[in-house]
Amino acid sequence: MTHTELAPAATDVSGSVRIPRPASPYQGDIARYWDGEARPVNLRLGDVDGLYHHHYGIGDVDHAALGDAEDSESEKKLIAELHRLESAQAEYLLGHLGDIGGDDTLVDAGCGRGGSMVMAHQRFGCKVEGVTLSAKQADFANGRARELGIQDHVRARVCNMLSTPFGTGSAAASWNNESSMYVDLHDLFAEHSRVLEVGGRYVTITGCWNPRYGQPSKWVSQINAHFECNIHSRREYLRAMADNRLVPQAVVDLTPDTLPYWELRATSSLVTGIEDAFINSYKDGSFQYLLIAADRV
Ligand SMILES: C[S@@+](CC[C@H](N)C(=O)[O-])C[C@H]1O[C@@H](n2cnc3c(N)ncnc32)[C@H](O)[C@@H]1O
Ligand SMILES: CC(C)=CCC/C(C)=C/COP(=O)(O)OP(=O)(O)O
Ligand SMILES: [Mg+2]
């Protein structure tokens, strides 16, 4: 499918994104949450190179890139390092999408400010369609795409990821990057399964509670309350995929890879207060940071 066949962008006369009525009061709350979000830990990291993420980082910290306590640039270097780890996370996700060509269309479900969409287009040359509940985020992502001159290929719209306007079988690949904890997984995977072509690839990076712990730990409950989300268990992911023709090809526990990011972030001036909940739950085994890549069969 070429992008000219896609439904027209939902914009009003001023060029901003049209806002559909939320599908539920909860979705209205989540839209308001992200419309109002302006945490320095996200904006200052994004300012490093113009890729704005709302996900966390993976990989080893490059200690040589950090200044020592006397270094007047140490805060700037710390921010650049946290951002590098967040972009590494997105590259890792994109690396599991398979063989994507310039004529393909990808779907980013819960696209935030669009950092991963820009990276996907830069990597594959393809079209990327994102959906978010937040009009502010969609405007931001579309503004960045215009600044980069890639607005014909990268587009965000205000839309519920459980009911998208994308054609059946129209996407070569789709993903959720830390956005699946806001929806019912059966509904979510039914929609990905519909939009993906047979043989297409679905990838998620997510935090999930570990069934081996028994129930969501107090740390998981704290993260849910902090973000107004509903973290699922690893078992729920695999079951809901199996029920929706999504067959896992890779399940990677990224918990050891994300801990260095959190430990570094906990030392920065940009802490938000949620760092200990992530660190403690990753360490006590009640919570895992997982990538799942699945084939649409
Ligand atoms: C933590 S942010 C992740 C953003 C992005 N994936 C990234 O990696 O930067 C969660 C995103 O999920 C979106 N979201 C939550 N529920 C949604 C829904 N039902 N439909 C569309 N987007 C949703 C929010 O609007 C927000 O953009
Ligand atoms: C792994 C889990 C459970 C994620 C929950 C979803 C979420 C809020 C992700 C990060 O967003 P953000 O980048 O806006 O958060 P922060 O401000 O903490 O960096
Ligand atoms: Mg962040």
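The rules we used
Residues numbered from 1 in each chain as written. Chains lettered and ligands numbered in written order. Predicted model: local features only at pLDDT ≥ 70, side-chain atom pairs only at ≥ 80, totals over all residues. Near = placed C-beta within 6 Å. Helix = DSSP H or I, 4+ residues; strand = E, 2+ residues; numbered from the N terminus. Nonpolar A, V, L, I, M, F, W, Y, C, P; charged D, E, K, R; others polar. Axes fitted to C-alpha atoms, helices over the stretch in contact; angles between N-to-C directions. Parallel < 35°, antiparallel > 145°, perpendicular 65-115°, else oblique. Left-handed = near helix turned anticlockwise from the far one by under 90°. Contact = placed C-beta atoms within 7 Å. UniProt positions renumbered as here; feature names shortened; annotations may be inferred. Core = buried A, V, L, I, M, F, W, Y, C linked by C-beta atoms within 7 Å. Buried ≥ 20, exposed ≤ 12 C-beta atoms within 10 Å, placed from the backbone. Pairing = 2+ DSSP bridges.

Moving on, we come to the site of ligand 2. Around ligand 2 sit 14 residues, and of these Arg39, His54, Glu178, Gly207 and Phe227 come closest. Among the elements of the structure, helix 2 (40–46) and helix 7 (218–227) are those that each provide at least two residues to the shell around ligand 2. Partitioning the shell around ligand 2 into residue classes produces seven nonpolar, five polar and two charged.

On to the packing of helix 3 (residues 74–94) against helix 9 (residues 255–265), then. When two helices pack together, you describe them by how their axes are tilted relative to each other and by the distance separating the axes. Packing of helix 3 against helix 9 brings their axes to within 10 Å, and their N-to-C directions diverge by 155 degrees. Taken together, the axis directions place helix 3 and helix 9 in an arrangement best described as roughly antiparallel. The crossing of helix 3 and helix 9 is left-handed. Residues Glu81, Leu82 and Leu85 of helix 3 form the contact with helix 9, whose own contacting residues are Tyr261, Leu264 and Arg265. Looking at the contact of helix 3 with helix 9, its residues break down into four nonpolar, no polar and two charged.

Turning our attention to the UniProt feature "domain: Methyltransferase type" (unreviewed entry) in the protein chain. Residues given the UniProt feature "domain: Methyltransferase type" (unreviewed entry) here are residues 107–203. This span, residues 107–203, is 36% helix and 30% strand, and a straight line between its end C-alpha atoms measures 11 Å.

Counting 70 residues, the largest nonpolar core has Leu93, Leu106, Met117, Ala171, Val203 and Leu291 as its most contacted members. Sequence-distant contacts of Leu291, defined by excluding residues within four places in its chain, comprise Leu93, His96, Val203, Ile205, Ala250, Val252 and Leu254.

With that out of the way, let us pick up the sheet that holds strand 1 (residues 105–109). Strand-to-strand pairing in sheets goes through backbone hydrogen bonds, with the strands running parallel or antiparallel. Read from one edge to the other, the open sheet built from seven strands follows the order 3-2-1-4-5-7-6, with strand pairing classed as mixed. The sheet is open, and its two edges are formed by strand 3 (154–158) and strand 6 (246–253), each paired on a single side. Averaged over neighbouring strand pairs, the angle between their axes works out to 15 degrees when direction is ignored. In the sheet, strand 1 pairs with strand 2 (residues 127–132) via five bridges, with the strands oriented parallel.

Among the 10 residues that make up strand 7 (residues 287–296), eight are buried, leaving the element largely enclosed by the rest of the structure. Pairing analysis gives nine bridges linking strand 5 (residues 196–209) to strand 7, with the strands arranged antiparallel. Residue Ile205 lies in a different strand from strand 7, and its bridge partner there is Leu291. In terms of strand pairing, strand 6 meets strand 7 through seven bridges, oriented antiparallel. Counted as the bridge partner of Ala250 is Ala293 from strand 7.

As a matter of local geometry, ligand 1 sits amid 24 residues, with Gly110, Gly112, Asn177, Ser179 and Tyr182 nearest to it. Every element with two or more residues in the shell around ligand 1 is listed here: helix 1 (25–35), helix 4 (115–124) and strand 2. Considering each element in turn, the shell around ligand 1 owes the most residues, three residues, to helix 1. Class assignment of the residues belonging to the shell around ligand 1 gives a composition of nine nonpolar, 14 polar and one charged.

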